[in-house]
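# A closer look at the structure
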Amino acid sequence: MAITSKELQTLARLAKLEFSEEELEKFRGGFEEMISFCDGINSEIEGDTSSIREVDSREIEWEDLREDCVEESLPNEKILSNVQGERGYFAVKRAVK
Amino acid sequence: MSGRIMRLSAMLQSGEISSRELTQSYISRIERLNPTVNAVVHTTFDEALKNADYADRLIREGRATALTGIPMLLKDNICTDGLPTTCCSKILQGFKPYYDATVWQKLRAQGAVLLGKANMDEFAMGSASETSVYGAPRNPVDITRVAGGSSGGSAAAVMADMAVYALGSDTGGSIRQPASFCGVTGLKPTYGAVSRYGLIAYGSSLDQIGPLAASAGDCSIVFKAICGKDERDQTSYYEEKAAAFDVKNLTVGVPEEFFSEGVDDEVKEAIEAAVCLIESAGAKVKRVKIPAFKVALPLYYIISCAEASSNLGRYDGIRYGYRAEDYGDIDDMIVKTRSQGFGEEVKRRIMLGTYVLSSGYFDAYYKKACLLRGRIIREFAEVFSGCDVLFTPTAPTTAFPLGEKRADSTKTYYADVCTVPASIAGLPAISVPCALGKGGLPIGLQIIADRGCDGLALSCADFIERQISVQVKVCREASL
């Protein structure tokens, strides 16, 4: 199945990724091959599937849910230990002018 | 190789050796072998020695279990408080989680000794561990070949005796296939049997943590230590079905589709030999069919990539891990961070997942995949109404040469053809070495059981191990 550069750029935007035109050309062949590979399932169920409900592997046992208790959260300094923080917040470049 | 845990545990508890001494010997072994095998990507030797001292105290106080003082590894996608956990990806470089995964909490409480984190495919996406940002681990049986994936480091380390056992994770075969390639035993438990709290998510409806070890007996000890319900993972619910193992009352199903084109003759012959062996021991053998097998592989890639595209949405460079240096606004920062931080295969799978979930293609791919998943579950259920376990190959080939399939993703995907059906259906499955192929490369037998019958799969694997003594030889250590 042929995928246009425009379609790939739209997908990349949705996935929050970016590719240069050169990268995209390189990527396209492998991606089309993956789509053809996935087309393997399309031969199995023909026609409109809109009225069929998906089957999950396990019914959720709603009575089995844990109590909704408030617990102490992780310490602020621990959370910020992995990344740039400022005055107890995650710091990024100014977003609002 | 058999019963390494019980043997070492007896030595520890009799005082013949201390956990500190045992740990130091494994540290030396990792220091000597890892430059060649590349199975361990983060060593935690200081932590290991602390764990060992705690274990020695538990032993002195008479509070030891079989796993107390035993050195082990965790796959690099299992969170450990204050210790590196990177999923072998640039995007998590330097990340040190602030909590422990439930499996590590349970093992640490028993006095397990953590030597480090095992190499893996980036975000567990691959079948040869070649997408790791740290480079691929090598197969200790033949260092020119892959260790399998995605838990390739865990399997290679166990084979090279750089750890007594290791935990891996299995989404579509990531424990079983590397176990098969490296000649060790690996169990993917029933979906829900082991808590995934603290396992970095890939495909949430498929992911499961399990052990890789030298024998089914060892896997059984580790599995019992980590299984059970955990309120922090709503999918965990385990209730084991009691099933006493008696080979004379056992019905073994052999699904013909697993022996289809693409599976090497030497692999088919090895599995058929194992089937004959269990039949001659008194088991009944039935030839069965799983017709939906033919769609299992594309179905698996649709569902796992769809889930991955959603799960990996959290990597934005704001809260942890890598952040791009030059960027404009926040959106640009997120896009640049992700584009620079993720490797090629991860990006390909995120893109595929985004594609199959996008409005124009949702019905054609994702929805159909979910419907077919139901069909596979039903077909397995029908088969298990007349069989106790299924015998199949674990992988269609033995370990292939490093780099051979790197350029061709879809060819690599075929390495999972025999393992994904059990993952899709949430069934327990174990890979146990059953023969050696050309070049002395190990061949794994996959034993699939019904949901909750992990114990039966383990007993069956133990039986096979006792009947077929496969002497997998590690490459001469001088060349390692």
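It should be noted that the structure appears before, not after, this text.
An account of the accompanying structure is given in this report.

Definitions and cut-offs
Residues numbered from 1 in each chain as written. Chains lettered and ligands numbered in written order. Predicted model: local features only at pLDDT ≥ 70, side-chain atom pairs only at ≥ 80, totals over all residues. Heavy atoms only, no water. Helix = DSSP H or I, 4+ residues; strand = E, 2+ residues; numbered from the N terminus. Rg over C-alpha atoms; globule rule 2.2 N^0.38 Å. Buried < 20%, exposed > 50% of the residue type's maximum accessible area, 1.4 Å probe, protein only. Contact = heavy atoms within 4.5 Å. Lys, Arg positive; Asp, Glu negative; His and termini not counted. Charge placed at Lys NZ, Arg CZ, Asp CG, Glu CD. Areas by Shrake-Rupley, 256 points an atom, 1.4 Å probe, with all protein chains shown as cover. Disulfide = S-S within 2.5 Å. Buried area = accessible area lost by both parts, 1.4 Å probe. Salt bridge = Lys/Arg side-chain N within 4 Å of Asp/Glu carboxyl O. Polar contact = N/O pair within 3.5 Å; in protein donor to acceptor, adjacent residues only side chain to side chain. Phe/Tyr/Trp six-rings, centres within 6.5 Å; stacked < 30°, edge-to-face > 60°. Lys NZ or Arg CZ within 6 Å of the ring centre and 35° of its normal. Axes fitted to C-alpha atoms, helices over the stretch in contact; angles between N-to-C directions. Parallel < 35°, antiparallel > 145°, perpendicular 65-115°, else oblique. Nonpolar A, V, L, I, M, F, W, Y, C, P; charged D, E, K, R; others polar. Core = buried A, V, L, I, M, F, W, Y, C linked by side-chain atoms within 4.5 Å. Bend = angle between axes of the 7 residues up to and from the residue. Pairing = 2+ DSSP bridges.

### Quick word on the overall build of chain B
When its secondary structure is counted, chain B shows 15 helices and 13 strands. Expected size for 480 residues packed as a compact globule is a radius of gyration near 23 Å; at 21 Å, chain B falls within 12% of this value. For chain B, the C-alpha atoms occupy an extent of roughly 70 × 60 × 45 Å along the three principal directions. Counting all 480 residues of chain B, 68% fall into the buried class. Residue pairs in contact within chain B that sit at least 24 positions apart in sequence constitute 77% of those at least 6 positions apart. Side-chain charges in chain B split into 52 positive and 55 negative, and the spacing between the mean points of these groups amounts to 1 Å.

### As for the overall build of chain A
Within chain A, the regular secondary structure consists of 3 helices and 2 strands. Sequence-ordered secondary structure for chain A, helices as α and strands as β, is α-α-α-β-β. Burial analysis of chain A (97 residues in total) assigns 26% to the buried set. Contacts spanning at least 24 positions in sequence make up 29% of the contacts within chain A whose residues lie at least 6 apart. For chain A, the computed accessible surface area is about 7,400 Å², with 51% contributed by carbon and sulfur atoms.

### Focus: the state of the cysteines
All names here are of chain B. Considering all chains together, one arrives at 0 disulfides over all chains under this definition. Free cysteine: C276, not disulfide-bonded; nearest cysteine sulfur from C434 at 12 Å. The exposure class of C276 is partly exposed, given its relative accessible area of 46%. Sulfur of C418: no disulfide; nearest cysteine sulfur belongs to C434 and is 12 Å away. Taking the relative accessible area as the measure of exposure, C418 reaches 0% and is therefore buried.

### Some details on the interface of chain B and chain A
Taken together, the contact pairs 62 residues of chain B with 50 residues of chain A. Here chain B packs against chain A, burying approximately 5,400 Å² in sum over the two surfaces, 65% of which is carbon and sulfur. On the chain B side of the interface with chain A, the three residues burying the most area are Y98(B), M351(B) and L371(B), jointly 14% of the side's total. Inspection of the chain B/chain A interface yields 3 salt bridges. Among the ionic pairs, K16(A) bridges to D331(B), the shortest N-O distance being 3.6 Å. Summed over the shared surface of chain B and chain A, the number is 9 residue pairs in polar contact (both at pLDDT 80 or more). Counting residues per element, the ones that place at least two in the side of chain B that touches chain A are α9 (293-311), α10 (330-341), α11 (344-357), α12 (363-384) and α13 (409-413) of chain B.

### Description of unusual backbone geometry
All names here are of chain B. Between G149 and S150 the backbone carries a cis peptide bond, its omega angle lying at 10 degrees. Tracing the sequence through the fold places S150 in the loop between β5 (142-146) and α5 (152-159). Of note, C87 is a non-glycine position whose phi angle comes to about 55 degrees, a positive value. Structurally, C87 is set in the loop between β2 (71-75) and α4 (102-109).

### Some remarks on the packing of aromatic side chains
Applying the stated criterion to the full structure yields 22 aromatic pairs over all chains. Ring centres of F37(A) and Y301(B) lie 5.8 Å apart, and the angle between their planes is 70 degrees; this geometry places the pair in the edge-to-face category. One end of the pair, F37(A), is in helix α2 (residues 21-38); the other, Y301(B), is in helix α9, on a second chain. Of the aromatic side chains, those joined through ring pairs into one cluster are F19(A), F27(A), F31(A), Y355(B), Y361(B) and Y365(B). The lysine or arginine in question, K93(A), covers the ring of Y327(B), its NZ or CZ lying 4.6 Å from the ring centre. The residue whose ring lies beneath K90(B) is Y322(B), and the NZ or CZ to ring-centre distance is 4.8 Å.

### Description of the packing of α9(B) against α11(B)
Residue and element names in this part refer to chain B. Where α9 contacts α11, the axes come no closer than 7 Å and their chain directions differ by 100 degrees. Judged on the interaxial angle alone, α11 and α9 are roughly perpendicular. Together, Y301, I302, C305, A306 and S309 of α9 and R349, I350, L352, G353, T354, V356 and L357 of α11 make up the contact between the two elements. Looking at the contact of α9 with α11, its residues break down into 8 nonpolar, 3 polar and 1 charged.

### Observations regarding α5(B)
Residue and element names in this part refer to chain B. By the criterion of burial, α5 is predominantly enclosed, with 8 of the 8 residues buried. Looking only at α5, the buried set comprises G152, G153, S154, A155, A156, A157, V158 and M159. Positioned one or two residues after α5, D161 has a phi angle of 55 degrees, which is positive.

### Observations concerning the nonpolar core
All names here are of chain B. In terms of nonpolar packing, the biggest core is built from 179 residues, with F123 and Y165 touching the most fellow members. In terms of residues, this core owes the most to one element, α9, which gives 12 residues. Among all residues touching F123, those that are not within four sequence positions of it are C87, S89, I91, L92, I200, Y202, L312, Y315, F342 and V346.

### Concerning helix α2 (residues 19-37) of chain B
Residues and elements named next belong to chain B. The sharpest bend along α2 measures roughly 35 degrees and falls at E31, with the proline P35 sitting one to four residues further on. For α2, the complete set of buried residues consists of S19, L22, T23, Y26, I27, R29, I30, L33, N34, T36 and V37. Downstream of α2 by a residue or two, N38 has a phi angle that is positive, lying close to 55 degrees.

### Remarks on the sheet that holds strand β1 (residues 40-43) of chain B
Backbone hydrogen bonds hold the strands of a sheet together, and the pairing may be parallel or antiparallel. Residues and elements named next belong to chain B. Reading across from one edge, β1-β3-β2-β6-β8-β7-β12-β13-β11-β9-β10 is the order of the 11 strands in this open sheet, with mixed pairing throughout. This sheet does not close on itself; its edge strands, each paired only once, are β1 and β10 (284-288). Taken over all neighbouring pairs, the strand axes of this sheet differ in orientation by 30 degrees on average, direction set aside. α12 contacts β10, β11 (389-393) and β13 (442-449) of the sheet and is inclined by roughly 120 degrees relative to β11.

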